[in-house]
Amino acid sequence: MIARIICPPTPGLAAHAPLARQPAGASPQASGNPGALAFRSPGRRCASVLAIALSLSGCGALPWQSQEESKAQSPAPPAMTAQEKTAATLEQKVIAAANQVENNIYFSLGGVTVSSRERAKLQQHAAYLKENPETSVTLIGFTDDLGSRNYNVAIAEQRVAAVRKLLRAYRVPGGQIRRYSVGSEKTPKTCKTEECRRKMRRVELRYAE
């Protein structure tokens, strides 16, 4: 929508009167025709206003439009389908379950070495197991779904072996440690974001109830 701009009639002259011809290079003041000056000045002002209005017509929000009207013209983002909502909800549950930091030893992408920060957690687990010799722990290896099944199973087994080796180094009896590698076949199909996959690169320490 563009506002209609009507130029006012030239004062002192008929609306249909043609513009008086002047010699080339002569200014309106020199011609002695004050009416010519009055005729040309409003015209230039009106042309300027019209030019500004036309330039504003290309903008997303015009001056006479409210912010609500401008927002209404913007396309709304596509709504999530019921299947996408269900997948997102399930993935958040997987992440929440893997966020039990104290019972999980996390690894980098493709890594099988326990970092210094994760070793500090293992030392606490080792102290607990030695104080409770009747308690056993199962080491469950998880991986993301980025590699083949054989590769992921091998990575999971190596990570479990690395955690067990450290627990044994901290004097935990071997009879209290059980091993179980699940690889990626237990990775939820909805685990597709980088955050969820990062949480899957872990060994969980699960105590017998």
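Residues numbered from 1 in each chain as written. Predicted model: local features only at pLDDT ≥ 70, side-chain atom pairs only at ≥ 80, totals over all residues. Heavy atoms only, no water.

Caption draft 1: Quick look at the overall build of the protein chain. Looking only at helices and strands, one finds 7 helices and 4 strands in the protein chain. Helices and strands appear in the protein chain in the N-to-C order α-α-α-α-β-α-β-α-β-α-β. Residues counted as buried form 30% of the 209 residues belonging to the protein chain. Across the protein chain, every contact between residues at least 6 apart in sequence was considered, and the portion connecting residues at least 24 apart equals 71%. (Helix = DSSP H or I, 4+ residues; strand = E, 2+ residues; numbered from the N terminus. Buried < 20%, exposed > 50% of the residue type's maximum accessible area, 1.4 Å probe, protein only. Contact = heavy atoms within 4.5 Å.)

Caption draft 2: The arrangement of helix α5 (residues 116-131) in detail. Compared with the 22 Å implied by 1.5 Å per residue over 16 residues, the 23 Å span of α5 between its first and last C-alpha is a close match. Among the residues of α5, Glu118, Lys121, Leu122, His125, Ala126 and Leu129 are the ones counted as buried. All buried residues of α5 project into a common sector of 150° when viewed along the axis, lining one side. Away from its buried face by more than 90 degrees, α5 exposes Ser116, Arg117, Gln124 and Glu131. (Expected span 1.5 Å × (residues − 1). Arc of directions from axis to C-beta.)

Caption draft 3: Structural context of the pairing of strand β4 (residues 202-207). Where strand β1 (residues 104-106) and β4 come together, 3 bridges link them in antiparallel fashion. Each bridged residue has a counterpart across the sheet, and for Tyr106 the counterpart in β4 is Arg202. Bridging between strand β2 (residues 137-142) and β4 involves 6 bridges; their strand directions are antiparallel. Opposite Ile140, over in β4, you have Glu204 as the bridge partner. (Pairing = 2+ DSSP bridges.)

Caption draft 4: Quick look at the nonpolar core. In this structure, Ile105, Val114, Leu122, Leu139, Val163 and Leu167 are the most contacted members of the largest nonpolar core, which totals 18 residues. Looking at this core, the elements with two or more residues in it are α5, β2, α6 (149-169) and β4. If one sorts the elements of this core by residue count, α6 sits on top with 5 residues. Apart from the residues lying within four places of it in its own chain, the contact partners of Ile105 are Val114, Glu118, Lys121, Leu122, Val163, Arg201, Arg202, Val203 and Leu205. (Core = buried A, V, L, I, M, F, W, Y, C linked by side-chain atoms within 4.5 Å.)

Caption draft 5: Geometry of the packing of α5 against α6. At a minimum axis separation of 9 Å, α5 and α6 run at an interaxial angle of 55°. Compared by their axis directions, α5 and α6 come out oblique. When you trace α5 past α6, the crossing you get is right-handed. Facing α5, whose interface residues are Arg119, Leu122 and Ala126, α6 presents Val163, Leu166 and Leu167. The residue makeup of the contact of α5 with α6, split by class, is 5 nonpolar, no polar and 1 charged. (Axes fitted to C-alpha atoms, helices over the stretch in contact; angles between N-to-C directions. Parallel < 35°, antiparallel > 145°, perpendicular 65-115°, else oblique. Left-handed = near helix turned anticlockwise from the far one by under 90°. Nonpolar A, V, L, I, M, F, W, Y, C, P; charged D, E, K, R; others polar.)

Caption draft 6: Summary view of the packing of aromatic side chains. In total, this model carries 1 aromatic pair according to the counting rule given. In this structure, Lys199 is placed above the aromatic ring of Tyr106, and the distance from its NZ or CZ to the ring centre is 5.3 Å. A cation over an aromatic ring shows up here: Arg202 above the ring of Phe142, its NZ or CZ 4.0 Å from the ring centre. (Phe/Tyr/Trp six-rings, centres within 6.5 Å; stacked < 30°, edge-to-face > 60°. Lys NZ or Arg CZ within 6 Å of the ring centre and 35° of its normal.)

Caption draft 7: Layout of the environment of Thr135. Counting through the fold element by element, Thr135 comes out in the loop between α5 and β2. Counting along the chain gives 42 residues from Thr135 to Ile177, while the straight-line C-alpha distance between them is 9.3 Å. In this view, Thr135 contacts Tyr128, Leu129, Gln176 and Tyr207; residues no more than four positions away in its chain are not counted.

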